[in-house]
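If you want the building blocks of each chain, they are given just below.
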Amino acid sequence: MNTSIWEFILSLLNIIFLDLILAGDNAIVIGLAARNLPSDTQKKAIVLGTAGAVVLRIFATILVVWLLKIPWLLLAGGILLILIAYKLLTSENTSTDIKAGQSLWSAVGTIILADAAMGLDNVIAIAGAAKHNISLVIIGLLISVPIVVWGSTLFIKLINKYPWIIYIGSAVLGFTASSMITDEHQLAPFFNHHPLLKYLFIIVIIIGILAAGHWKRQSKPEEPQEGTFV
């Protein structure tokens, strides 16, 4: 009983961490969408938009959890998550073209739609980390999304100040992705009979993501930081 509780807690912390790492752009979207509204209306737009985004995200993640039970989709999801982990290390912030809403409901709609469009990586990562446990999905999102909204500026500053946080996030994503692949119903019997190969595969995937992402980051030309939204 104690072991299962600890497994649940660790999986929950993993989901919260993944959502925080992947939701930086989503947090910026919320600020951009509501930036032209009066301060009191801004708060309403953020609360309503976030509530709508959370509900939509929960349903989308539950749907993906269900879909991942279909043969070979767990493998496909794991491969896609590897690409997402690599993108986390190498991509630039592209959310600054979000139009600000001119009214409460237009801002709410922008927040929900933008979060849905940008939230595919979160959905896949959380669905994989949840391992078909719907309660983990719901609890994790209910905890992490409000943290992203209200602490978005602080969290983004932390990531900018301590870039190694991104590497930890990519490593966790790599672990989740490789675990999804080894848990694929068609491949699980092989990996269960060869546990050493399973662990080596997971290690190789994590190291490969970090090495490729680090090389890509190092090869990028330095760009000025002015104009960054905080």
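So, here is what we can say about the structure in this document. (Residues numbered from 1 in each chain as written. Predicted model: local features only at pLDDT ≥ 70, side-chain atom pairs only at ≥ 80, totals over all residues. Heavy atoms only, no water.)

### Overview of helix 9 (residues 164–183)
Between its first and last C-alpha, helix 9 extends 28 Å over 20 residues, near the 28 Å set by a 1.5 Å rise per residue. Most of helix 9 sits out of view: 15 of its 20 residues are buried. (Helix = DSSP H or I, 4+ residues; strand = E, 2+ residues; numbered from the N terminus. Expected span 1.5 Å × (residues − 1). Buried < 20%, exposed > 50% of the residue type's maximum accessible area, 1.4 Å probe, protein only.)

### Description of the nonpolar core
Counting residues in each nonpolar core, the largest one holds 40 residues, and the members touching the most others are L81 and L173. Those residues within four positions of L81 in sequence are excluded, and the remaining contacts are D121, I124, A125, L173, T176, A177 and M180. (Core = buried A, V, L, I, M, F, W, Y, C linked by side-chain atoms within 4.5 Å. Contact = heavy atoms within 4.5 Å.)

### Side note on the environment of D115
Secondary-structure assignment places D115 in helix 5 (residues 104–118). By relative accessible area, D115 is classed as buried at 11%. Remark: the alpha-carbon pair of D115 and A53, spanning 62 residues in sequence, is separated by 6.3 Å.

### Observations concerning helix 3 (residues 39–67)
The end-to-end C-alpha distance of helix 3, which contains 29 residues, comes to 41 Å, matching closely the 42 Å that a straight helix rising 1.5 Å per residue would cover. Of the residues making up helix 3, those classed as buried are T41, A45, I46, G49, T50, A53, V54, R57, I58, T61, V64 and V65.

### Overview of the packing of helix 4 (residues 73–90) against helix 11 (residues 195–219)
At a closest axis distance of 8 Å, the pairing of helix 4 and helix 11 adopts a crossing angle of 30 degrees. Relative to helix 11, the element helix 4 lies roughly parallel. Here helix 4 runs over helix 11; the crossing is right-handed. On the side of helix 4, the interface is formed by I82, A85, Y86, L89 and T90, while helix 11 contributes I205, I209, L210, A212, G213, H214, K216 and R217. Of the residues assigned to the contact of helix 4 with helix 11, the class counts are eight nonpolar, three polar and two charged. (Axes fitted to C-alpha atoms, helices over the stretch in contact; angles between N-to-C directions. Parallel < 35°, antiparallel > 145°, perpendicular 65-115°, else oblique. Left-handed = near helix turned anticlockwise from the far one by under 90°. Nonpolar A, V, L, I, M, F, W, Y, C, P; charged D, E, K, R; others polar.)

### Side note on the environment of L75
The topology assignment puts L75 in helix 4. Judged by its relative accessible area of 21%, L75 is partly exposed. Taking the C-alpha atoms as reference points, L75 and H185, 110 residues apart in sequence, are found 9.0 Å from one another.

### Here we look at unusual backbone geometry
It is generally the case that most residues other than glycine have a negative phi and that most peptide bonds are trans. A positive phi angle is found at W72, which is not glycine, with a value near 75 degrees. If you trace the backbone, W72 turns up in the loop between helix 3 and helix 4. On the basis of relative accessible area, W72 is assigned to the partly exposed category, the value being 44%.

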